[in-house]
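# Structural overview
Residues per chain, in single letters:
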2 protein chains.
Amino acid sequence: MGCINMKVDIVIKNASVYNAYFKKFFEEDIAILEGKIVYVGKEDIDEFCGGTIIDAEGKYLIPGFIDIHMHIESSMATPQAFSHELIRNGVTTIVSEPHEIANVFGVKGIVEMIKGGEECVADIFYGVPSSVPSTSLEFETTGFEIDIDEIKELMVNDKIICLGEVMNYYDVIHHPKSKINKIVEYMKRNYPHIPIEGHCPKIMGKDLAKFIYRGIDSDHTQQRVPSMEERIKRGMFIEIQEKSMTPEVINYLIEYQLFEQFCLVTDDVMADSFYNNGHLNKLVKKAMEMGMAPEDAIYASTFTPARRMGLTDRGAIAPGKLGDFILLKELENFEIDQVYKEGKLVYHREDEYKYACKYNSFPREFYRSIKRQEINKDDLVIKAPIGKGEVSCRVIKVSDGTTFTEEQIHSVPVGQGKLMWEETPLCMIAVFERYGRNGNIGLGLITGDTIKRGAVATSYAHDHHNILAVGKNVKDIVKAVNTVIEKQGGIYVVCDEVIKGGIDLPVGGILSEESIEVIGRDIARVRHSMVELGYKHYNPIMSLCTNGLPVSQLLKITDKGLVKLSENRLVDLIVEG
Amino acid sequence: MGCINMKVDIVIKNASVYNAYFKKFFEEDIAILEGKIVYVGKEDIDEFCGGTIIDAEGKYLIPGFIDIHMHIESSMATPQAFSHELIRNGVTTIVSEPHEIANVFGVKGIVEMIKGGEECVADIFYGVPSSVPSTSLEFETTGFEIDIDEIKELMVNDKIICLGEVMNYYDVIHHPKSKINKIVEYMKRNYPHIPIEGHCPKIMGKDLAKFIYRGIDSDHTQQRVPSMEERIKRGMFIEIQEKSMTPEVINYLIEYQLFEQFCLVTDDVMADSFYNNGHLNKLVKKAMEMGMAPEDAIYASTFTPARRMGLTDRGAIAPGKLGDFILLKELENFEIDQVYKEGKLVYHREDEYKYACKYNSFPREFYRSIKRQEINKDDLVIKAPIGKGEVSCRVIKVSDGTTFTEEQIHSVPVGQGKLMWEETPLCMIAVFERYGRNGNIGLGLITGDTIKRGAVATSYAHDHHNILAVGKNVKDIVKAVNTVIEKQGGIYVVCDEVIKGGIDLPVGGILSEESIEVIGRDIARVRHSMVELGYKHYNPIMSLCTNGLPVSQLLKITDKGLVKLSENRLVDLIVEG
């Protein structure tokens with residue numbers, strides 16, 4: 001029939017092509033027309049017309065990775081810098097949940113993130129945040145709130161494809177008429193095809209059933225086998241992040257062949273880990289190392305995430321799908337040789353690959369977001385009943401390996417009507433409202449695998465992003481917090497009133513405009529300084545920054561004080577005066 | 001915690017509950033609140049509050065069946081009569097494609113079908129027909145046409161959840177700017193989450209790839225292993241209808257564990273078969289008899305069809321899903337004991353179950369749709385070149401077991417300038433335009449497993465529903481056609497100018513308002529009469545009625561004459577004069 005038979009732009013011949021439907025590789029050719037795959041098979045390619053023919057020399061050809069639960073802001077980078085690094089790792093599509101910037105700038109923050117994403121090589125979709133603030137303004141102060149009006153405003157944007165993680169499971173379960181249930185109902189009624197993403201650590205049984213009943217049918221929080229088994233049994237789609245990847249969990253998924261019921265996600269990735277260890281590709285490789293067949297691990301990072309998000313145009317190598325794919329020489333080491341986006345080569349291992357930073361890419365006010373005067377030592381006094389030698393205090397206990405905390409009761413000496421915590425092994429933890437709304441300061445005590453001397457302060461503090469500080473003494477806390485205020489955002493580590501490490505986060509106090517490489521280097525230095533002060537956690541920065549996130553169990557702190565979401569209330573620091 | 005812990009309306013305890021996620025049965029209880037399942041599990045049901053408790057006595061509890069590719073009109077019944085019979089068979093949700101009534105009444109026909117469906121116990125969703133007429137007005141005359149404007153008008157209705165079967169694969173593949181490609185592009189752009197259903201018998205290789213490339217990713221036509229294998233490999237979802245259920249096809253699906261890639265559908269069910277043999281439940285049982293595990297056959301008739309259609313609120317027994325389920329005493333015989341719709345008992349084997357017909361439920365003009373005067377024998381003359389003793393003619397060959405036809409060349413004697421076909425074993429096939437548009441008559445010859453004497457005429461004739469007649473002699477054809485005209489719709493069988501059997505189809509010439517039982521009885525009589533006249537097909541009525549459907553291969557006839565869609569043209573009856 002000659003070339004009139006099939007016009008194409010590019011042909012990749014002689015590849016081992018991943019087939020998501022059979023979960024197998026086949027020796028095939030593929031052809032692309034106008035950014036989409038138009039042919040996969042083994043017919044005579046001489047009949048194709050107009051196509052550049054590329055010999056894949058037997059390489060593996062798999063779909064670009066798709067990460068459907070993550071937060072760009074967790075890497076403290078802009079969408080542009082993020083995309084650059086994604087592509088090098090074969091990740092061609094992400095669904096980011098911008099609740100961090102939404103806490104700081106509301107709708108405007110999300111709109112700016114979407115705009116930033118539009119210039120990128122990777123496709124960046126977003127979830128509309130459902131939980132800003134993470135709990136309610138009763139428990140924390142944020143820059144902005146997202147409610148149904150804001151969601152309406154955002155849903156006109158076709159880059160928004162899901163309702164972002166519903167975090168306040170307490171209200172979902174216990175208060176049918178709560179704000180979060182109204183949002184979920186609004187979405188189900190008006191956008192029935194839009195996935196509703198969940199965050200429901202640990203809940204089980206009837207509580208879990210009620211959470212799902214309301215319409216939330218995924219969970220990306222840390223799983224162990226029993227929690228995952230029950231979630232899958234009750235119809236939840238499980239988004240497996242690295243901390244859920246235990247041998248037990250992975251073996252269970254393999255044993256029961258639950259490949260339709262989960263995908264791999266990164267959730268939060270620190271910039272240095274991103275730069276050095278990779279992104280979703282790292283989890284795929286890890287799953288394989290843990291015994292998952294390559295065909296299944298690829299499925300969990302391409303096909304099921306696309307299906308979960310209704311992204312029918314990707315996630316497989318088949319006619320009509322986008323020409324987003326990766327070429328690999330070997331499956332074992334998973335070294336990415338080339339990456340194609342919509343049929344165009346966007347990364348080649350042998351070519352130079354550099355990111356050109358863009359500065360001042362956000363509106364001016366995004367660089368003046370810390371609205372708070374310097375603090376002083378008097379701000380850090382914790383009053384205690386006069387006449388008592390000591391009091392029992394509720395203390396947050398941090399443990400390595402988790403961002404969940406425990407509650408402990410410690411005796412703390414009292415002197416001159418204040419807690420003499422500096423005389424104990426405990427540290428202070430403090431949150432300083434920074435949106436110019438009320439000037440709140442929440443004070444508490446912390447112990448466990450946190451620092452043992454000096455202080456660290458951060459304006460990157462889940463999810464409210466007030467300034468959070470932990471310190472062994474008042475002077476260092478004051479120095480660290482005031483440095484963050486002066487810099488208009490960042491993380492600073494101080495010991496003996498000397499700065500030991502830091503990173504500037506000038507965009508809303510949460511993002512840098514540097515490359516992932518540079519942010520990674522700075523973050524590594526901050527982490528190193530924290531470890532030098534005694535922080536023993538596998539991820540000290542994440543551990544620090546989530547001590548202010550009340551939806552994560554058990555005892556947390558905000559600018560309003562200590563929060564115990566399992567009891568849905570603020571609790572006192574001093575339990576017995 | 002007591003009953004404040006969980007308010008429910010009904011509890012079914014002690015059931016063997018089908019779990020779609022593990023594809024297993026578990027001994028569990030379920031609870032319903034406001035029509036939806038709120039709990040599945042084995043916790044203490046004393047903690048439920050307000051619920052009627054029903055003991056299932058160990059029965060199997062499975063989701064209501066979901067049939068996503070079918071046409072109510074094929075049973076020649078109204079939605080109400082159809083729903084009544086569905087429920088008895090455990091089918092609680094259907095997606096009907098109303099292109100039959102759309103060919104007759106356009107948008108108004110579809111709207112009336114949707115209205116009818118709203119009163120029903122079963123949930124009746126619709127696809128918006130993409131292919132009305134099935135090919136183009138160049139090849140057939142219809143009552144109405146559906147184009148983008150009509151689709152826009154219909155899409156506001158939330159009962160419309162997919163684009164109905166795209167049939168004109170020739171235009172899809174060969175004419176990027178054709179009407180059908182414009183419709184598909186319009187849907188993909190404006191309703192990216194809406195499934196686009198396909199009809200692409202037999203095409204393979206590059207043609208199939210191009211069809212899928214345009215965005216159509218399912219096929220429900222008759223499959224054999226090679227066609228199905230290639231479709232699945234290229235990303236198509238396969239809707240297995242009964243004629244595809246060969247041992248080879250079923251064994252292939254089982255061997256390659258392709259349970260995510262297909263569902264069972266009924267497509268077209270004659271009323272008598274529906275009444276006597278059941279509906280989707282019959283296919284589920286048949287799949288099991290052919291070796292498919294019950295858990296997999298149930299999956300293919302509940303879970304995958306719901307997922308394909310984006311019906312996230314059903315297809316499994318899990319929190320948040322509708323309380324649509326079936327109780328069965330045994331899996332083997334699949335005898336339906338009880339059916340629940342949204343938590344309410346709607347069928348119980350031991351209770352009386354009768355349908356109360358509703359007459360004149362459609363607008364008045366729906367009962368006056370055959371706009372054509374009586375025909376006479378002169379209308380049936382096929383002119384032939386004078387002076388020839390015989391000519392070679394293109395003849396449609398009908399074969400038992402399929403609705404595909406073949407083309408044969410036969411010598412036919414000529415006398416007085418006309419074909420003397422009555423002197424041969426051939427029959428005449430004729431199509432009479434009946435919308436008052438042009439009065440066209442298409443004449444052809446037919447052979448094979450069709451009738452051997454007498455005549456049959458029908459106003460139910462896929463998809464244009466002009467009057468189609470097949471007969472061994474002119475007198476009987478005239479009698480049969482004129483009876484259909486006089487009755488304002490129906491199917492009539494005539495021999496020696498005596499009516500041997502018939503059914504009235506007063507609504508648009510295609511539907512009766514009787515119960516499935518009554519329609520079934522009448523249809524059986526029509527079929528019996530056809531068989532008596534020599535029709536040898538397993539489904540003579542379907543075979544007859546699809547002889548005028550040009551999208552089904554190979555040679556077909558419309559009011560415009562013989563159509564060969566594989567060559568995209570009308571062809572002459574006399575090939576050599």
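Residues numbered from 1 in each chain as written. Chains lettered and ligands numbered in written order. Predicted model: local features only at pLDDT ≥ 70, side-chain atom pairs only at ≥ 80, totals over all residues. Heavy atoms only, no water.

### Re the overall build of chain A
As a reminder of what qualifies: Here a strand is any run of E in DSSP of at least two residues, a helix any run of H or I of at least four, and the numbering for each starts at the N terminus. As a reference, a globule follows 2.2 Å times the number of residues to the power 0.38, and the radius of gyration itself is taken over C-alpha atoms. Remark: exposure states derive from per-residue accessible area (1.4 Å probe, protein chains only) relative to the maximum for the residue type, with buried under 20%, exposed over 50%, and partly exposed in between. Should any heavy atoms of two residues lie within 4.5 Å, those residues are considered in contact. Accessibility throughout is a Shrake-Rupley quantity obtained with a 1.4 Å probe, and a residue counts as covered only by protein chains that appear here. His is not counted, nor are the chain ends; Lys and Arg add positive charge and Asp and Glu add negative charge. The location of each charge is read from NZ of Lys, CZ of Arg, CG of Asp or CD of Glu.
Summing up its helical and strand segments, chain A has 14 helices and 31 strands in all. For 577 residues, the compact-globule formula gives about 25 Å, and the C-alpha radius of gyration of chain A, at 25 Å, lands near that figure. Its C-alpha atoms give chain A principal-axis dimensions of roughly 100 × 50 × 45 Å. For chain A, buried positions account for 66% of its 577 residues. Sequence separation of at least 24 residues holds for 69% of the intrachain contacts in chain A that already meet a minimum separation of 6. Of the roughly 20000 Å² of accessible surface on chain A, 46% is carried by carbon and sulfur atoms. A gap of 5 Å separates the mean positions of the 66 positive and 85 negative side-chain charges of chain A.

### Some remarks on the sheet that holds strand β9 (residues 91-96) of chain A
Residue and element names in this part refer to chain A. Note the threshold: Only when DSSP finds a minimum of two bridges between them are two strands counted as paired. Working convention: axes come from line fits to C-alpha atoms, limited for helices to the stretch in contact. Angles between N-to-C directions cover 0 to 180 degrees.
As summarised here, the arrangement of the 5 strands in space is β8-β9-β10-β11-β12, forming an open sheet in which the pairing is parallel. Looking at the sheet topology across the chains shown, the edges are occupied by β8 (65-70) and β12 (196-198). Within the sheet, the average angular offset between the axes of one strand and its neighbour, ignoring direction, is 30°. Taken together, the 4 bridges between β8 and β9 define a ladder with parallel strand orientation.

### Overview of the relation of the copies chain B and chain A
Counted only if it meets this: Each copy is superposed on the other by least squares, with the fit set by C-alpha atoms of residues at a pLDDT of at least 70 in both.
Superposition of chain B onto chain A requires a rotation of 180° combined with a translation of 0.0 Å along the rotation axis, giving an RMSD of 0.1 Å. In short, the pair behaves as if placed about a two-fold rotation axis. Residues of chain B ranked by C-alpha distance from the rotation axis are headed by H193 of chain B, positioned 3.5 Å from it. Residue by residue, 100% of the interface of chain B is reproduced at the interface of chain A, so both copies engage with the same surface.

### Here's the deal with the side chain of R314 of chain B
Residues and elements named next belong to chain B. Rules: Contacts described as polar in this section are N or O atom pairs within 3.5 Å, which, within protein, must combine one atom able to donate a hydrogen with one able to accept it, while residues neighboring in sequence count only if both atoms come from side chains.
By secondary structure assignment, the location of R314 is in the loop between α11 (294-308) and β16 (325-328). Judged by its relative accessible area of 8%, R314 is buried. Side chain to side chain, R314 and D313 meet in a polar contact 2.8 Å long. Other than its neighbours up to four places away in sequence, R314 contacts I66, T93, D123, F125, A306, K321, L322 and D324.

### A short note on the pairing of strand β7 (residues 60-63) of chain B
Note that strand β2 (residues 10-19) of chain B and β7 of chain B share 2 bridges and pair parallel. Across the sheet, residue S16 of chain B finds its bridge partner in β7 of chain B, namely Y60 of chain B.

### Some details on the sheet that holds strand β28 (residues 556-558) of chain B
Residue and element names in this part refer to chain B. Sheet architecture is open: 3 strands sit in the order β28-β29-β30, paired in antiparallel fashion. Two strands lie at the open edges of the sheet, namely β28 and β30 (569-571), each paired on one side alone. Each strand of the sheet is rotated relative to its neighbour by a mean of 50°, with strand direction disregarded. Of the strand pairs in this sheet, strand β29 (residues 561-564) and β30 are connected by 3 bridges, and their pairing is antiparallel. The residue of β30 that forms the bridge with L562 is V571.

### Describing the nonpolar core
Cut-off, in case you're wondering: The criterion is simple. A nonpolar core is a set of buried Ala, Val, Leu, Ile, Met, Phe, Trp, Tyr and Cys residues joined through side-chain atoms within 4.5 Å.
Counting residues in each nonpolar core, the largest one holds 345 residues, and the members touching the most others are L419 of chain A together with M187 and L419 of chain B. When neighbours within four sequence positions are excluded, M187 of chain B is seen to be in contact with V128, I151, M155, L163, P192, I194 and I196 of chain B.

### Section: the interface of chain B and chain A
Worth spelling out the cut-off: What counts as buried area is the accessible surface, traced by a 1.4 Å probe, that two parts surrender upon association, with contributions from both included. One side-chain nitrogen of Lys or Arg within 4 Å of one carboxyl oxygen of Asp or Glu is enough to make a salt bridge. Side-chain classes are defined by residue name, with Ala, Val, Leu, Ile, Met, Phe, Trp, Tyr, Cys and Pro counting as nonpolar, Asp, Glu, Lys and Arg as charged, and the others, Gly among them, as polar.
Contacts between the two partners involve 43 residues from chain B, matched on the other side by 43 residues from chain A. Regarding the contact of chain B and chain A, the summed buried area is about 3900 Å², with carbon and sulfur atoms giving 57% of it. If you look at where chain B meets chain A, you find 2 salt bridges. The salt bridge involving R234 of chain B is made with E28 of chain A; its shortest N-O contact spans 2.8 Å. Within the residue set of the side of chain B that touches chain A, elements represented by two or more residues are β3 (24-33), β4 (36-41), α6 (205-213) and α7 (225-233) of chain B. Here the residues of the side of chain B that touches chain A sort into 20 nonpolar, 9 polar and 14 charged.

### Regarding helix α12 (residues 474-486) of chain B
Residue and element names in this part refer to chain B. What counts here: Multiplying 1.5 Å by the helix residue count minus one yields the expected span of that helix.
Look at α12: 18 Å from first C-alpha to last across 13 residues, which is about the 18 Å you get at 1.5 Å a residue. Along α12, 10 of the 13 residues are buried, which leaves the element largely enclosed by surrounding structure. The complete set of buried residues in α12 reads V474, D476, I477, V478, A480, V481, N482, T483, V484 and I485. In this structure, the buried residues of α12 make contact with β22 (427-432), β24 (455-458), β25 (467-471), β26 (490-495) and β27 (498-504).

### What about the packing of aromatic side chains?
Residues and elements named next belong to chain B. Rule in force here: Side-chain rings of Phe, Tyr and Trp (the six-membered ring for Trp) are treated as a pair once their centres are within 6.5 Å; stacked means planes under 30 degrees apart, edge-to-face means over 60, and tilted covers the remaining angles.
In the structure shown here, the tally under the stated rule is 34 aromatic pairs over all chains. Ring centres 4.9 Å apart and planes at 15° place the aromatic pair Y299 and F303 in the stacked group. Residue Y299 and its partner F303 are located together in helix α11, separated by 4 residues, close to a single helical turn. The exposure classification of Y299 matches that of F303, with both residues buried.

### Section: the confidence of the model for chain A
Quick note on the threshold: Across the chain, each position has a pLDDT score giving the predictor's confidence in that residue, from 0 to 100.
Averaged over all residues, the pLDDT of chain A is 95; the fraction at 70 or higher stands at 99%. Predicted complex, confidence summary: ipTM 0.92, pTM 0.93.

### Examining helix α8 (residues 247-255) of chain A
Residues and elements named next belong to chain A. Our working definition: The arc in question is traced by the directions running from the helix axis to the C-beta atoms.
Taken together, the buried positions of α8 are V249, I250, Y252 and L253. Projected onto a plane normal to the axis of α8, the buried residues spread over an arc of 160° and lie on a single side. Facing away from the buried side of α8 by over 90 degrees, the exposed positions are E248 and E255. Next to the buried residues of α8 lie α7 (225-233), β14 (237-240) and β15 (262-264). Q257 sits one or two residues past α8 and shows a positive phi near 50°.

### Some words on the environment of E342 of chain B
All names here are of chain B. Tracing the chain through its elements places E342 in the loop between β17 (336-341) and β18 (344-348). Distance in space between the C-alpha atoms of E342 and D171 is 43 Å, their sequence separation being 171 residues. Residue contacts for E342: discarding those within four places in its chain leaves G35, D123, L322, G323 and D324. Among the polar contacts made by the side chain of E342, one reaches the side chain of K341 at a distance of 3.0 Å.

### Points about the pattern of salt bridges
Summed over all chains, the structure comprises 64 salt bridges over all chains. Between K286 of chain A and E242 of chain A there is a salt bridge, and its shortest N-O distance comes to 3.2 Å. Note that K286 of chain A is positioned in helix α10 (residues 280-289) and E242 of chain A in the loop between β14 and α8, a separation of 44 residues in sequence. K286 of chain A sits in the partly exposed class, given a relative accessible area of 24%. Ionic pairing is found between K179 of chain B and E145 of chain B, a salt bridge with its closest N-O pair at 3.1 Å. With K179 of chain B in helix α5 (residues 179-190) and E145 of chain B in the loop between β10 (123-128) and α3 (148-155), this residue pair connects regions lying 34 residues apart in the sequence. Members of the salt-bridge network, linked through shared partners, are D123, D313, R314, D324, K341 and E342 of chain A.

### Some details on the packing of helix α10 (residues 280-289) of chain B against α11 of chain B
All names here are of chain B. What counts is decided by this rule: Convention used here: angles under 35 degrees read as roughly parallel, angles over 145 as roughly antiparallel, angles from 65 to 115 as roughly perpendicular, and any remaining angle as oblique. Each helix crossing is assigned a hand: it is left-handed if the near helix lies turned anticlockwise from the far helix by less than a right angle, otherwise right-handed if that turn is clockwise.
Two elements in contact, α10 and α11, have axes whose closest approach is 9 Å; the angle formed by their N-to-C orientations is 150°. In terms of orientation, α10 and α11 fall into the roughly antiparallel class. The chirality of how α10 crosses α11 is right-handed. For the pair α10 and α11, the contacting residues are L280, V284, A287 and M288 in the first and P294, A297 and S301 in the second. Grouping the amino acids of the contact of α10 with α11 by side-chain chemistry returns 6 nonpolar, 1 polar and no charged.

### Observations concerning unusual backbone geometry
Outside of glycine, negative phi angles account for most residues, and trans bonds account for most peptide bonds. A cis amide bond links V132 of chain B to the next residue, P133 of chain B, at an omega of 0°. Looking at the element boundaries, P133 of chain B is found in the loop between β10 and α3. Note the cis peptide between H462 of chain B and D463 of chain B, where omega equals -25°. Tracing the backbone shows D463 of chain B in the loop between β24 and β25. With a phi angle near 50°, K23 of chain A is a residue other than glycine that sits in the positive phi range. Structurally, K23 of chain A is set in the loop between β2 (10-19) and β3 (24-33).

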